[in-house]
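Listed below, chain by chain, are the residues.
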Amino acid sequence: MSATEPLEQKYFFTNGKFALPKSFYVSDKGLVFLYNPYEIKAYAEGVTELVIPFSELSGIAKPQTILTPTQ
C-alpha cells in the first residue's frame, strides 16, 4: 500500500479513510497490524497483515527495549 494509493479500489475502509485495527504484534520485521477476513478486504483474501518496518519507526521505537508484564 502506498501513501497515494486510493483505498476504495482495494480496501473496505469506512469513508475511504485508513484505520488501524486493534490486533497487532511486533515481529522481527517491524510492527504488524492484523485485519481479519472481510475487515478491509474480501473474505476470500483471508487475513491481511500490514507491516511497518523498524526503519520507519526509528523516531518512536527503541529496538533494545525489553517489555515486562505489569501486575
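Just so it is clear, the structure is predicted and the values come from calculations on it, not from any experiment.

Caption draft 1: Molecular detail of the overall build of the protein. Looking only at helices and strands, one finds 0 helices and 3 strands in the protein. Listing the helices and strands of the protein from first to last along the sequence gives β-β-β. Residue pairs in contact within the protein that sit at least 24 positions apart in sequence constitute 27% of those at least 6 positions apart. Counting only carbon and sulfur atoms, one obtains 55% of the accessible surface of the protein, whose full area is about 6,100 Å².

Caption draft 2: Structural view of a nonpolar patch on the surface. Where nonpolar side chains cluster on the molecular surface, the patch consists of Phe12, Tyr38 and Tyr43 and spans about 410 Å² of accessible area. For Tyr43, the position within the fold is in the loop between strand 2 (30-35) and strand 3 (48-53). By relative accessible area, Tyr43 is classed as exposed at 62%.

Cut-offs applied
- Residues numbered from 1 in each chain as written.
- Predicted model: local features only at pLDDT ≥ 70, side-chain atom pairs only at ≥ 80, totals over all residues.
- Heavy atoms only, no water.
- Helix = DSSP H or I, 4+ residues; strand = E, 2+ residues; numbered from the N terminus.
- Contact = heavy atoms within 4.5 Å.
- Areas by Shrake-Rupley, 256 points an atom, 1.4 Å probe, with all protein chains shown as cover.
- Patch = residues over 30% accessible without salt bridge, like charges linked within 9 Å, V, L, I, M, F, W, Y side chains within 5 Å.
- Salt bridge = Lys/Arg side-chain N within 4 Å of Asp/Glu carboxyl O.
- Buried < 20%, exposed > 50% of the residue type's maximum accessible area, 1.4 Å probe, protein only.

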